[in-house]
Each structure stands twice: as C-alpha cells, then as structure tokens.
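Topology and contacts: notes
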Amino acid sequence: MSVHIRFLGGAGTVTGSKYLIEHDGQSLLVDCGLFQGYKQLRLRNRDPLPVLPNRIGAVLLTHAHLDHSGYLPLLHREGFHGKVWATPATRDLAQILLPDSGHIQEEDAAFANRKGFSKHAPALPLYTEEDALKSLKLFRTVPMREAFEPLRGWHARFSSAGHILGAASLLLEVGGRRLLFSGDLGRPDDVLMLPPDPPPAADVVICESTYGDRNHPQEDVVAELGPALARAAARGGTAVVPVFAVGRAQEILFAIHQLKASGQLPHGLPVYLDSPMAIESTELFCQHLGEHRLNAGQCRDIGHVARMVRSVEESKAIARQHGPKVILAASGMATGGRVLHHLAQHLGDHRNMVVLTGYQAPGTRGATLAAGHPSLRIHGQDMPVRAEVVQLTSASAHADSNQLMAWLKALPSAPRRVLVTHGDMEASDRLRHRIETELRWQALVPEHGSTWLA
C-alpha cells in the first residue's frame, strides 16, 4: 500500500503547518497549526478540513508554537478524539499557549463587538479557552529520541531540533517508507537553545524554509539591541518590544540582563514583561534545565531583570509610568494580545520606539511596521506611526539558508526527494534551487492542498 502526504498547511506560506499522512486506511497529522498573517490565509482557519477530524487517528506535534499547534482545540471540537503525541516540554508549553490563544480570541471578539468594528454580527472566536483546555486532555508525552507507535504499525521518534523548548524533528516510518519532518530547525549558535541533532536517514525529507533565502548577520542580539534601547532611554522614550512568548521573550530578557550588567543600559531602566504566557514560559526554562544552554543562575537572572505583569490592571498601569521604560509584550508579530494596546498608546510619539525581534510574516502588523508604513490599523482604527521602528536582524530562532543546507548535508544518505515547506514562496524556492544545484537531489515546493506519494 502506498503512503501519501497531503499538505493542508505550511505549503507556500510560513504558517498553518498541517501534514496529513495516509496509509492503508489510516491517517495522522504531523502538526496542527493556525494560519496567521494575510486575511486570506487566516480565513483558512474557518474552512473545514478536506478530511473528517474523527477519521484522523493521531496528531504528532513537532513543537508548541501556534503555527504548529494552534488548530488543535478546533480539531478536537470538530470531532478529533485521538492522541496528541509530543515531547514533555512541548506539552508543558501547549498547556500555556493553547488556553491563552483561546482567551485572546474571546477577548478580541468581545472587544470587536463592543466597539462595533467587526464585519460579522456578532464576532465569534475561532475557539474558546474552554475548547483549548479540553484538547489538552488528549496529550501523551514521549521523551526525545525514544521510539513510539502513534498508530498500530506506524513507528516514530522525535529528535531535538533546537528552536524552542521541546522542539523536535520527527522520523515517521510507515508502509516501508521513512519520512523525516524537520520541524522548525534552530540555529547551531543559538543563545538559548542547543544545536539540532544530526538528521537520520530518510526516503523523503519535509524541510522548513523560513529563512531559506537569506543568512543571519554576524552581529549578536546584545550588540544590536543595546544601542537601540539606550537611544530610546536617552530621549525619555518607551520602547515597545513585541515578543514571542516562548523563546524570544527569554532571549531578549537575557540580553537586557547582560546589557545592564555591563553598564550599556542604566541599571534602573524599568523593564516590564507584560505577558502571563511569557512569564510562565520563562519559569519553564528553570524546570527543563539541560534542554537549553542556560544554567540555574542564568534562568533566575532572566526572571529578575523585568517586572512581571500578570493582571490587566497592572498592564494598564504601565501607561501611567512616566520616563523611559521597556515593555515586552506578546505577540511577536503584533497579531493580537496586550502588545496592541501598548502600540496604540505609544506609536504616535517620536520619542518612542518599536523593536521588532524576529521574523514578521507577510500580512501581520509587524510586517507593516517593518516596511515603514506611516500608519498601523489597530482595533479598527488607523494609528499614525511616529515612533522609531527598529528591526533586529540577529534575533532569530530559525536556522538560516546555510544552516538548513548543513543540516541536510548531514543526512547519512541522499533521500529520494526533499519537499520544501513552511516558508514564503521566495524563501522556499530559493532553498529548493540550492538543494538541486548544490546537492543534486530532487527538491520540490508543494502547493497548498496538494498530495504527494512518499
């Protein structure tokens, strides 16, 4: 019997990763992500899947970021009752991220209904916090590098991908085929995470390409962030820093700790981490020592460098604090969450600054800011952008083009083909070209909705 791979997301775009593997009347999903960015992509989240959720036998998560896990609550609500397999750290992060995602969607829908700027009457969340909590009961954990059987006769193993806590590549053996999913690969020189494991041999490799068309600069985060924050502080401004709650928030906190310790930033410069999700994720670093580069003391340092803001009342009170300050808030691409309120509050003042800390998917508010647009639409209103916008180029948790190629070159033998996914079209096609010309392997960029024979 043949093995088919159907690309229900993460094809031609860097979001919504969902790969349906079908063999001999059984099927499972590798990743179950939300689409983000452009509205036409986000609308796919409300389209029914081309397969009934109750016909999917299992879900295997490479990691907890919402573009890989955030569709799970909806899948469960629509009828999926199989097991969700993940590493322990991915499960721990999903317990934070998924309920928060549902809560934010409920808040955004309620806000839209109060203000009347939604085109829908009433605006409804994609799923609720309760939906997310119910989906968490499906999780089963398996240690990194330990073999397991997600379905009868199907064999799988996670190996470390770096990137964030718990992130894994996945080897899936079914129907006499070995399929290797890179997941999101981290950088070998990442400040927080350990390098990815070398890849095992495989017949087909499904490889991410977020940075498939570029390489990271040599400059590190401390050297790039320090002058920017010092500049904002010197003019009495507020630096709003949209961060991804998992990984990026901790990296920026660690950099700020180093900058204060070296005297490059005033020791008394107020720093706020305004994200309950990021606060909980920071605490997880202390619980998963050995899975990253930080020791126990450094984990404590990043927890003490900022005031942890949990309640909405505390968040609103930040705006009343006069003088220079730094506010870290989710989400990292300014697609939702508390960072939107801080941006609305501070974008109009030239003394202030917005520091973009990583990849900004096309169609997100972060991408709009990075492109230098004079206004930004927040909660139905166009806000003038007078604040300085700084795009960090060194803060990325993704392997760049050279590092992706190095990971592929480490395969023990040439695969039958490489399917290049999870990237914008330019990035995916550039990586495809490099694989074909430098490695002489067959490489293809699958289209959304397409099916490939493994």
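**Section: the overall build of the protein**
Check the secondary structure of the protein and you find 14 helices and 22 strands. The C-alpha radius of gyration computed for the protein amounts to 21 Å, which stays within 12% of the reference 22 Å derived for 454 residues, consistent with globular compactness. Viewed in the frame of its principal axes, the protein has a C-alpha envelope of about 65 × 50 × 40 Å. Looking at the protein as a whole, 59% of its 454 residues qualify as buried. Counting contacts in the protein only where the partners sit at least 6 residues apart, residues at least 24 apart contribute 73% of the total. Total accessible area on the protein is roughly 18,100 Å²; 50% of this is exposed by carbon and sulfur atoms.

**Quick notes on the pairing of strand E3 (residues 26-30)**
Along E3, 4 of the 5 residues are buried, which leaves the element largely enclosed by surrounding structure. When strand E2 (residues 18-23) meets E3, the two strands line up antiparallel, connected through 5 bridges. Looking at the pairing, Ile21 lines up with Leu28 of E3. Here E2 hands over to E3 after 2 residues, with Asp24 in that stretch at a positive phi of 50°. Summarising the sheet, E3 and strand E4 (residues 58-60) pair through 2 bridges and their orientation is parallel. Note that in E4 the partner of Val30 across the bridge is Leu60.

**So, the environment of Ser281**
With respect to the helices, strands and loops of the structure, Ser281 is situated in helix H8 (residues 276-287). Exposure remark for Ser281: the relative accessible area of 1% places this residue in the buried category. Spatially, the C-alpha atom of Ser281 lies 32 Å from that of Met425, the residues being 144 residues apart in sequence. Once residues lying within four places of it in the same chain are set aside, the contact partners of Ser281 are Leu93, Ile96, Leu97, Ala245, Val246 and Gln250.

**Observations concerning the pattern of salt bridges**
Taken as a whole and judged by the stated rule, the model has 21 salt bridges. Salt-bridge contacts for Asp197 lead to Arg145; the nearest nitrogen and oxygen are separated by 2.8 Å. In this pair, Asp197 sits in the loop between strand E10 (177-181) and strand E11 (204-208) while Arg145 sits in the loop between strand E6 (139-141) and strand E7 (147-148), placing the two residues 52 residues apart along the sequence. The class for Asp197 is buried, based on a relative accessible area of 17%. Salt-bridge contacts for Arg351 lead to Asp349; the nearest nitrogen and oxygen are separated by 2.7 Å. Overlapping salt bridges, with partners in common, bring together Arg77, Glu78 and Asp131 in one network.

**Focus: the packing of aromatic side chains**
The description of two aromatic rings rests on the distance between their centres and on the angle between their planes. Applying the stated rule across the entire model yields 5 aromatic pairs. Relative to Tyr19, the ring of Phe7 has its centre 5.5 Å away and its plane inclined at 70°; by these criteria the two rings are edge-to-face. Placement of the pair is Phe7 in strand E1 (residues 3-9) and Tyr19 in strand E2, with a sequence separation of 12 residues. On the basis of relative accessibility, which here comes to 0%, the residue Phe7 falls in the buried class. Measuring from ring centre to ring centre gives 6.0 Å for Tyr211 and Tyr359, while their planes differ by 65°; the resulting arrangement is edge-to-face. With a gap of 148 residues between them, Tyr211 in the loop between E11 and helix H6 (221-234) and Tyr359 in the loop between strand E16 (353-356) and helix H12 (365-370) connect regions that are remote in the sequence. When sorted by exposure, Tyr211 lands in the same class as Tyr359, which is buried. Three or more aromatic residues joined by ring pairs form one cluster here, namely Phe7, Tyr19 and Phe181. Sitting over the ring of Tyr71, Lys18 keeps its end group 4.6 Å from the ring centre.

**Description of a negative patch on the surface**
A surface patch of negative charge is lined by Glu106, Glu107, Asp108 and Glu129. Tallying contributions element by element places helix H4 (residues 88-115) first for the negative patch, with 3 residues. Here Glu107 shows up in helix H4.

**Quick word on the nonpolar core**
One finds Val205, Leu225, Ile256, Val326, Leu328, Leu408 and Ile435 to be the most contacted residues of the largest nonpolar core, which totals 71 residues. Contact partners of Leu408, with chain neighbours within four places excluded, come to Val205, Cys207, Ile435, Leu439 and Trp441. Listed in part, the 27 residues of the second largest apolar core include Phe7, Leu151, Val204 and Ala454.

**Points about the pairing of E16**
With burial as the criterion, each face of E16 is covered, one bearing Met353 and Val355 and the other bearing Val354 and Leu356. Across 2 bridges, strand E12 (residues 238-242) lies against E16 in parallel orientation. For Ala239, the partnering residue across the bridge sits in E16 and is Met353. Sheet topology places E16 next to strand E19 (residues 388-391); 4 bridges connect them, and they run parallel. Paired with Met353 across the bridge in E19 is Glu388.

Rules used in this analysis
- Residues numbered from 1 in each chain as written.
- Predicted model: local features only at pLDDT ≥ 70, side-chain atom pairs only at ≥ 80, totals over all residues.
- Heavy atoms only, no water.
- Helix = DSSP H or I, 4+ residues; strand = E, 2+ residues; numbered from the N terminus.
- Rg over C-alpha atoms; globule rule 2.2 N^0.38 Å.
- Buried < 20%, exposed > 50% of the residue type's maximum accessible area, 1.4 Å probe, protein only.
- Contact = heavy atoms within 4.5 Å.
- Areas by Shrake-Rupley, 256 points an atom, 1.4 Å probe, with all protein chains shown as cover.
- Pairing = 2+ DSSP bridges.
- Salt bridge = Lys/Arg side-chain N within 4 Å of Asp/Glu carboxyl O.
- Phe/Tyr/Trp six-rings, centres within 6.5 Å; stacked < 30°, edge-to-face > 60°.
- Lys NZ or Arg CZ within 6 Å of the ring centre and 35° of its normal.
- Patch = residues over 30% accessible without salt bridge, like charges linked within 9 Å, V, L, I, M, F, W, Y side chains within 5 Å.
- Lys, Arg positive; Asp, Glu negative; His and termini not counted.
- Charge placed at Lys NZ, Arg CZ, Asp CG, Glu CD.
- Core = buried A, V, L, I, M, F, W, Y, C linked by side-chain atoms within 4.5 Å.

By themselves these figures say nothing about function.
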